[in-house]
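Coordinate inspection notes
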Amino acid sequence: MSKTPPVVRPRAVLVGVQFPSVTDTEHAADLAELKRLVHTLGYDAVATVSQRRGALATGTVLGKGKLKDLAALTGGPGVITSGARDRTSKARAQWEAAEEDSEAEETSEEGTEATDSESEDTETEGTESEDSETDDSEAEDVDEDDDASEPEEDVSGPRPTVVVVDHELSPSQLRNLEKATGAQVMDRTGVIVDIFHRHARSHEARMQVEIARLTYLAPRLRESSGGRERQQGRGAGDSAVELDRRKIRDRLAELRAGLAVIQKEQDHRRYARREQLRVALVGYTNAGKSSLMRALTGSEVLVADQLFATLDTTVRALHPETRPRVLVSDTVGFIQKLPHDLVASFRSTLDEALEASLLLYVVDASDPTWKLQLEVTRSVLREIGAHTVPSKLLLNKTDRLDQAAQDALRAEHPEAVLLSAHRPDDVAKLRQVIIQFFEASMVEAHLVIPYASQGRIGEVYEHTTVLNEEYDEHGRKLRVRGLPAAIARLTQAFQA
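The structure contained in this document is the topic of the report that follows.

Reading guide: rules and limits
Here the residue numbering is sequential within each chain, running from 1 through the sequence in written order. The predicted origin of the model limits local features to residues at a pLDDT of at least 70 and limits the giving and counting of side-chain atom pairs to 80 or more, whereas totals for whole chains, interfaces and linings rest on all residues. Here the side-chain values reflect all heavy atoms present in the structure, with hydrogen atoms and water set aside. Helix and strand assignments follow DSSP, with helices taken as H or I runs no shorter than four residues and strands as E runs no shorter than two, numbered in order from the N terminus. Relative accessibility under 20% of the residue-type maximum defines a buried residue, over 50% an exposed one, and the middle range a partly exposed one, all with a 1.4 Å probe and only protein chains included. What makes two residues a contact is simply this: any of their non-hydrogen atoms within 4.5 Å. Side-chain atoms alone can form a polar contact between residues adjacent in sequence; in general such a contact is a pair of N or O atoms within 3.5 Å, and within protein one must be able to donate a hydrogen while the other accepts it. Take the buried Ala, Val, Leu, Ile, Met, Phe, Trp, Tyr and Cys residues and link them wherever side-chain atoms come within 4.5 Å; each set so joined is a nonpolar core. Given the number of residues in a helix, its expected span is that number minus one, multiplied by 1.5 Å. Interaxial angle, 0 to 180 degrees, is taken between N-to-C directions of lines fitted to C-alpha atoms, where a helix line uses only the stretch in contact. In these notes the angle categories are as follows: under 35 degrees is roughly parallel, over 145 is roughly antiparallel, 65 to 115 is roughly perpendicular, and the rest is oblique. Any residue outside Ala, Val, Leu, Ile, Met, Phe, Trp, Tyr, Cys, Pro, Asp, Glu, Lys and Arg is labelled polar, Gly included; the first ten of those are nonpolar and the last four are charged. Paired strands, in this sense, are two strands between which DSSP finds at least two bridges. Salt bridges are identified by distance alone: a Lys or Arg side-chain nitrogen within 4 Å of an Asp or Glu carboxyl oxygen.

1. Quick notes on the environment of H167
- For H167, the location among the structural elements is in the loop between β4 (162-165) and α5 (171-181).
- A residue is classified by how much of its surface remains accessible, and H167, at 9% relative accessible area, is buried.
- Along the backbone, H167 and R188 are 21 residues apart, and their C-alpha atoms lie at a distance of 5.5 Å.
- Residue contacts for H167: discarding those within four places in its chain leaves G16, V17, F19, L56, D187, R188 and K337.
- Separated by 3.0 Å, the side chain of H167 and the backbone nitrogen of V17 make a polar contact.

The structure is reproduced here in structure tokens:
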């Protein structure tokens, strides 16, 4: 039996620019995160080119020296070549040919001595020119802010065919880098959008991602080599790229209309759950939200050690069930430099966090940059107005830390809950923390349910905890404990 040959993954080079406000640790964390994004997308990052600059180079992101280093890895020319084609008429071509023949005849009639003299002068001028060019090159190297380390590379195999830049690039920067490197160029935004596109499962998530993807692609459409040809007939005068942009605008309008219908249905479902206790797990991607969701609810949600493994919001009841019932939702993960179009597209999904009774901020405590990741999460939630929702901090994955590190975290964040989603005792403790949070705002009350309304007794058990039950000539008398809003609604309903 023949063995299946191993799958050869495309090879990529990572490019990052470190600004003065970014520390070495933060820059290294950014590149490590970009490497994970690239791996999730299906590429192997085999080299890294990094540079310290005050800002991105306008045309090519990197300076000239680093651009040549990058091109050496990918096999590109290292310079930006013009893509324009020379356009000459036949008459001009004949005239230029005649001029060249005339100049050749005049040159051949010149004497040998004059030729030798000119040759000596040319050699002298050539030497001076070389000295001048050397000086100019040295000047350029001095001007170029290129004090970063040499490229980290492992290019023993085939040349990398993809360049991934850890910044959002303009269309012209993408084109220039592709010309200089001879490779496909992607920016961080494009990588994240592609990952979302691959991982979207539900109809709503696919529509949300397609909106963000088309919004990203529209300004980056390029004219093909035959792009000067014009459409014939209706719409004559429009180039192919203009027609493509028009199709994108039409498709975006169609998607937004369809998404509005789905969002209205989601709003109805959330409205039906308005009086139920709701907890939302929020946090950085791959912080362990889905593992906690599975541990708290017993549901079979997807758990995978990769970025943005789940995009759809899942709502399940806390297990074992409580009275009143507590609903737990797992929202989409966040990441640094999350494209604004994706945040806008997933606004309806993030509304689950906005309307929750309690937010649980889940962070990977084993990651040295978890504080920065927590700030990213809070920043996005602040953008949608969810920062006012009561919250608790969960320091997850503490099973990867030693006792000294755990003690330091407890001392620094005494209000936080340290746990591991894989330890049942920690999950049980978290469940109790959730229940105690809601019980703190509950009140006791007495309800009298007439015998004619006994069919509605299920509402009482669904929204409150029944502490005592008695009967008299007026009906069933209950002592209950629940949220003030739920008790007020039940009291009004049975009095009516």
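2. Let's talk about the nonpolar core
- In terms of nonpolar packing, the biggest core is built from 49 residues, with V164, L359, L381 and L395 touching the most fellow members.
- Leaving out residues up to four positions away in the same chain, L359 has contacts with A280, V282, A353, L381, A386, V389, P390, S391 and K392.
- Listed in part, the 24 residues of the second largest apolar core include L277, M293, V328 and V362.

3. What to know about helix α6 (residues 188-199)
- Over its 12 residues, α6 runs 17 Å from end to end, which matches the ideal 16 Å to within 8%, given 1.5 Å per residue.
- The buried count for α6 comes to nine of 12 residues, which makes it a mostly enclosed element.
- The set of residues buried in α6 consists of R188, T189, G190, V191, I192, V193, I195, F196 and H199.

4. Description of the packing of helix α9 (residues 289-297) against helix α14 (residues 424-439)
- At their nearest, the axes of α9 and α14 sit 10 Å apart, and the two run at 80° to each other. Considered as vectors, α9 and α14 are oriented roughly perpendicular to each other. Residues L292, A295 and L296 of α9 pack against V427, L430, R431 and I434 of α14.
- When grouped by side-chain class, the residues that make up the contact of α9 with α14 number six nonpolar, no polar and one charged.

5. Considerations on the sheet that holds strand β7 (residues 314-317)
- Overall, mixed pairing links the six strands, which are arranged β7-β8-β6-β9-β10-β11 in an open sheet. Every interior strand has two partners, whereas the edge strands, β7 and β11 (417-418), have only one.
- As paired elements, strand β10 (residues 391-396) and β11 share two bridges and run parallel to each other. In the strand pairing of β11, L394 is matched with V417.
- Across the face of the sheet, helix α12 (residues 370-383) comes into contact with β6 (277-283), β9 (358-364) and β10 while running at roughly 150° to β9.

6. Let's talk about the pattern of salt bridges
- Inspection of every chain in the model, using the stated rule, returns 19 salt bridges.
- Across the salt bridge formed by D24 and R52, the nearest N and O atoms sit 3.8 Å from each other. Taken together, the positions of D24 in helix α1 (residues 24-41) and R52 in strand β2 (residues 44-52) put the pair 28 residues apart, joining distant regions of the chain.
- What makes R52 partly exposed here is its relative accessible area of 32%.
- Between R188 and E33 there is a salt bridge, with its nearest N and O atoms 2.4 Å apart. Here R188 is found in helix α6, whereas its partner E33 is found in helix α1, with 155 residues between them in sequence. A single burial state applies to R188 and to E33, both of which are buried.

7. Digging into α14
- Helix length check: α14, at 16 residues, gives a terminal C-alpha distance of 23 Å against a target of 22 Å (1.5 Å per residue), a fit within 8%.
- When α14 is considered as a whole, its buried residues turn out to be D426, V427, L430, R431, I434, I435 and F438.
- Looking at the packing, one finds that the buried side of α14 touches β6, α9, β8 (326-330), β9 and β10.

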